[in-house]
Amino acid sequence: LFPGVRQAQWLTKTKLVEGLPPAVQSIMDNPALGLQELEKRVKHAVSQARLWNTPEVAPRREQYCPVLFENLIHICRLMSGKYPSLSKRMLARNCRIAATWERESILLQVRGLSGILMNSMTPIPPVASKEEIVATKEHVLETFYPIAPTIDLQEVNVYKELNDTGFRDGYPYSHPHTLFFLESANVRTDRFRPEQLRAKMLMFAFGNALAKARALHGNDPKVLEQPVVVQSVGTDGQLFQFMVFQLNTTDLVSNDGVKNLVWIDSDQNLYEKAQCVPEVKKRVVTKPAGISGFQPDTFKKFLALYLHGTV
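Residues numbered from 1 in each chain as written. Predicted model: local features only at pLDDT ≥ 70, side-chain atom pairs only at ≥ 80, totals over all residues. Heavy atoms only, no water.

An unreviewed UniProt entry lists the protein chain under the name Large ribosomal subunit protein mL37, from Menura novaehollandiae. In its Sequence similarities (unreviewed entry) section, the UniProt record describing the protein chain reads: "Belongs to the mitochondrion-specific ribosomal protein mL37 family." (UniProt positions renumbered as here; feature names shortened; annotations may be inferred.)

And the structure:
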């Protein structure tokens, strides 16, 4: 999506709210979780991914990005001793999603691999109140006139309007919880830029939510009595994007009425720099090897999204 999130908002009939919702923020601010105690583990996880995981002098992004993700997920799983319901989660890789909808007589679809999907036995509760949902009726969606809002979308022949969560009926972990997108290409031009990554995260969070809503409530357009919430996290191994999406309506044709909601916290560094080899000048180490500029709040957000719906 060339215009990024603004275009994705129009395509998904969504209002943007900057920052994370209060339900997630309250988890971050909860001293009972002992988030401070995990900082040492997180620093070790970053060092292991960036400095120690390979005999190479400097590991490539395609190596350290997935390793860092696995390390952070492992630290999050340690919380299941305190919150047993966290064990009712499952990570699905190479999961395919299909969702089809109509916007102003244009038939649209999201289809394909949707990153790494964490599913849960229970859904995430709505993060916006009914009053906040009703208030979205007043929101005016941005248009791109005279540019078509579908600019740069791929045109294909659709022979079947498919809505598929990617899981068979009866699968116990049937509720989408959080999508993880790893932009691990070593060459910068092969990676999504942050704005395009956020747009991709929004489209696939919307697609998963819409497919789930259709499975639960049928294909008739309606304002949902129980909104569907899907989260998304994107990273290149250093910079993180956080997103919480709430599907309030499947009535997507017109710009009128209730809108969907998305909260985005953009461009959060977990650390500033990884010095893989010490810098030496005149036989004096001027910059030792190591991780600098560690940002604990970024991991707190990662963990808060993981715990959301349980705590």
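Asks: Any details on the nonpolar core? Residues and values, ideally.
Replies: For soluble globular proteins, nonpolar side chains are generally found buried alongside one another. Formed by 49 residues in total, the largest nonpolar core has its most connected members in Phe180, Leu270, Phe299 and Phe302. Elements represented by at least two residues in this core include exactly helix H2 (22-28), helix H3 (39-52), helix H4 (61-77), strand E5 (116-120), strand E7 (223-235), strand E8 (239-249), strand E9 (260-269) and helix H7 (296-307). Broken down by element, this core gets its largest block of residues, eight residues, from H4. Sequence-distant contacts of Phe302, defined by excluding residues within four places in its chain, comprise Phe69, Leu72, Ile73, Cys76, Phe180, Val233, Phe240 and Phe242. Counting 37 residues, the second-largest nonpolar core is a separate cluster that includes Cys95, Phe206, Val230 and Met243. (Core = buried A, V, L, I, M, F, W, Y, C linked by side-chain atoms within 4.5 Å. Buried < 20%, exposed > 50% of the residue type's maximum accessible area, 1.4 Å probe, protein only. Helix = DSSP H or I, 4+ residues; strand = E, 2+ residues; numbered from the N terminus. Contact = heavy atoms within 4.5 Å.)

Asks: Account for the environment of Ala274, with residues named and values stated.
Replies: By the element assignment, Ala274 lies in strand E10 (residues 273-275). The buried category is assigned to Ala274, whose relative accessible area is 14%. Taking C-alpha positions, Ala274 is 30 Å from Asn30, a pair spaced 244 residues apart along the chain. Here Ala274 is in contact with Arg50, Gly290 and Ile291, once residues within four sequence places are set aside.

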